[in-house]
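Chain residues, written in single-letter form:
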Amino acid sequence: MAGETRFSVDPTEFAEKLVLVTGGTKGMGEAIVRRLQASGASVATTARSPLPHGQAPDLFIQADIGTASGVQQVVDRVQQEWGWLDVLVNNVGGTETKPGGFEALSDEDWQNILNVNLLAAVRLDRAFIPGMIERRSGVVIHISSISHRLPFSNSTLAYAAAKGALSTYSKGLAKGVAPDGVRVTMISPGFIETSGAHGMIMDIAQNESISEEAARQRIMAMLGGIPIGRPGLPDEVAELVAFLASGRAAFISGADYILDGGTIPSL
């Protein structure tokens with residue numbers, strides 16, 4: 001439900017702020033929408049599918065932002081309804097895993113993965129950052145993945161490469177727009193147990209005749225282990241987004257926050 005969160009929040013922290021969260025009807029995106037609404041923001045979100053029952057963003061735009069026309073549809077609607085954004089959270093992303101290694105991916109597969117995981121953010125940034133620069137105020141957050149630091153050679157390699165490109169782009173963009181009052185940061189989550197990930201855990205448990213926890217531990221082991229001992233949760237990602245979008249993070253720009261429970265030591 002809109003506005004519900006298990007952490008304590010200031011219900012006025014984002015009052016009068018206009019926020020767009022892409023891919024905000026499930027998983028981390030849905031948690032981010034709820035968290036920012038709980039702090040008083042007006043939040044728009046996007047998805048390819050219709051809005052699920054029970055969700056209540058302030059503005060919903062059904063569009064495929066893996067295409068240039070879908071991005072333009074979102075831009076037109078936000079500008080028509082609101083005129084500008086204070087915070088842009090480029091959350092949408094993902095890939096389909098095909099059997100085989102990197103050679104299983106066609107040119108079309110690569111282009112589709114780049115469109116969703118890199119170019120959607122580039123296109124939205126290009127549309128909304130100029131207004132932030134004009135007002136000398138704005139926050140852009142790119143949701144990436146530890147895949148760009150921990151790539152595998154299977155068919156997820158294109159996804160990892162796209163997120164690597166997003167990292168390079170994000171760092172360069174941050175340096176360019178920070179003098180104009182716009183902060184750009186990135187979050188790279190590890191294994192986050194979204195509803196989709198939980199479904200994968202249950203499929204492994206059923207197919208291998210093992211317990212749910214054993215299946216969860218198997219996935220964690222495939223990633224090299226998670227020292228904290230469990231996957232992350234969507235609302236934990238949302239808390240970091242809320243911090244980075246707030247005035248509490250006013251001196252943070254160009255950083256990539258690894259949120260993985262210790263899978264990749266970063267010290």
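A. Structural context of the overall build of the chain. The secondary structure content of the chain amounts to 7 helices and 7 strands. Shown N-terminal to C-terminal, the secondary structure of the chain runs as helices and strands in the order β-α-β-β-α-β-α-β-α-β-α-α-α-β. Whereas a compact globule of 267 residues would reach a radius of gyration of roughly 18 Å, the chain reaches 18 Å, a difference of no more than 12%. Counting across all 267 residues of the chain, residues that qualify as buried make up 47%.

B. Geometry of helix α2 (residues 68-81). Taking 1.5 Å of rise per residue, 14 residues should cover 20 Å, and α2 covers 20 Å from first to last C-alpha, within 8% of that figure. Along α2, the positions that sit buried rather than exposed are Gly-70, Val-71, Val-74, Val-75 and Val-78. One side of α2 holds all its buried residues, which, seen down the axis, span an arc of 140°. When the buried face of α2 is taken as reference, the exposed residues oriented beyond 90 degrees from it are Ser-69 and Gln-80. In this fold, the buried residues of α2 make contact with β1 (18-21), β2 (42-47), β3 (59-62) and α3 (107-135).

C. Main features of the side chain of Ser-145. With respect to the element layout, Ser-145 can be found in the loop between β5 (138-143) and α4 (157-177). The class for Ser-145 is buried, based on a relative accessible area of 8%. At 2.9 Å, the side chain of Ser-145 forms a polar contact with the backbone nitrogen of Ser-147. Aside from chain neighbours lying at most four places away, what touches Ser-145 is Tyr-159, Lys-163, Ile-187, Ser-188 and Pro-189.

D. Quick look at helix α7 (residues 234-245). The end-to-end C-alpha distance of α7 is 17 Å, a good match for the 16 Å that 12 residues give at a rise of 1.5 Å each. Counted residue by residue, α7 has 9 buried out of 12 residues, so it is predominantly covered. Within α7 the residues assigned to the buried category are Pro-234, Asp-235, Val-237, Ala-238, Leu-240, Val-241, Ala-242, Leu-244 and Ala-245. Elements that come into contact with the buried residues of α7 comprise α1 (27-38), β4 (87-90), β5, β6 (182-189) and β7 (256-259).

E. Region of the structure containing the environment of Glu-30. Here Glu-30 lies in helix α1. By relative accessible area, which is 18% here, Glu-30 ends up buried. In sequence terms Glu-30 and Ala-238 are 208 residues apart; their C-alpha atoms lie 8.9 Å from each other.

F. Here's a closer look at the pairing of β4. Burial along β4 is two-sided: Val-87 and Val-89 and Leu-88 and Asn-90, pointing in opposite directions, are all buried. Relative to β4, β1 runs parallel, the two being bridged by 3 bridges. Within the sheet, the bridge partner assigned to Val-21 lies in β4 and is Val-89.

G. Seen up close, the nonpolar core. Core analysis: the largest hydrophobic core is formed by 26 residues, its most contacted members being Val-19, Val-21, Leu-36, Val-89 and Ile-141. Sorting the residues of this core by element identifies β1, α1, β4, β5 and α7 as the ones contributing at least two each. With near-sequence residues (within four places) excluded, Val-21 lies in contact with Gly-29, Ile-32, Val-33, Leu-36, Val-43, Ala-44, Thr-45, Thr-46, Val-89 and Asn-91. One finds Ile-65, Ala-120, Val-182 and Val-184 within the second-largest nonpolar core, a separate group that totals 25 residues.

H. Region of the structure containing the packing of helix α5 (residues 195-208) against helix α6 (residues 212-222). Contact pair α5 / α6: the axes reach a minimum separation of 8 Å and the direction vectors enclose 115°. One way to sum up the angle between α5 and α6 is to call them roughly perpendicular. For α5 against α6, the interelement crossing comes out right-handed. Residues His-198, Met-200, Ile-201, Met-202, Ile-204, Ala-205 and Glu-208 of α5 touch α6, and the partners they reach there are Glu-212, Ala-215, Arg-216, Arg-218 and Ile-219. Residue composition of the contact of α5 with α6, by class: 7 nonpolar, 1 polar and 4 charged.

I. Unusual backbone geometry, seen in detail. Look at Arg-136: it is not a glycine, yet its phi comes out positive at around 55°. Within the secondary structure, Arg-136 is located in the loop between α3 and β5. In the Ramachandran plot, Ser-209 falls in the positive-phi region, its phi being about 55° despite a non-glycine side chain. Within the fold, Ser-209 resides in the loop between α5 and α6.

Scoring rules and cut-offs
- Residues numbered from 1 in each chain as written.
- Predicted model: local features only at pLDDT ≥ 70, side-chain atom pairs only at ≥ 80, totals over all residues.
- Heavy atoms only, no water.
- Helix = DSSP H or I, 4+ residues; strand = E, 2+ residues; numbered from the N terminus.
- Rg over C-alpha atoms; globule rule 2.2 N^0.38 Å.
- Buried < 20%, exposed > 50% of the residue type's maximum accessible area, 1.4 Å probe, protein only.
- Expected span 1.5 Å × (residues − 1).
- Arc of directions from axis to C-beta.
- Contact = heavy atoms within 4.5 Å.
- Polar contact = N/O pair within 3.5 Å; in protein donor to acceptor, adjacent residues only side chain to side chain.
- Pairing = 2+ DSSP bridges.
- Core = buried A, V, L, I, M, F, W, Y, C linked by side-chain atoms within 4.5 Å.
- Axes fitted to C-alpha atoms, helices over the stretch in contact; angles between N-to-C directions.
- Parallel < 35°, antiparallel > 145°, perpendicular 65-115°, else oblique.
- Left-handed = near helix turned anticlockwise from the far one by under 90°.
- Nonpolar A, V, L, I, M, F, W, Y, C, P; charged D, E, K, R; others polar.

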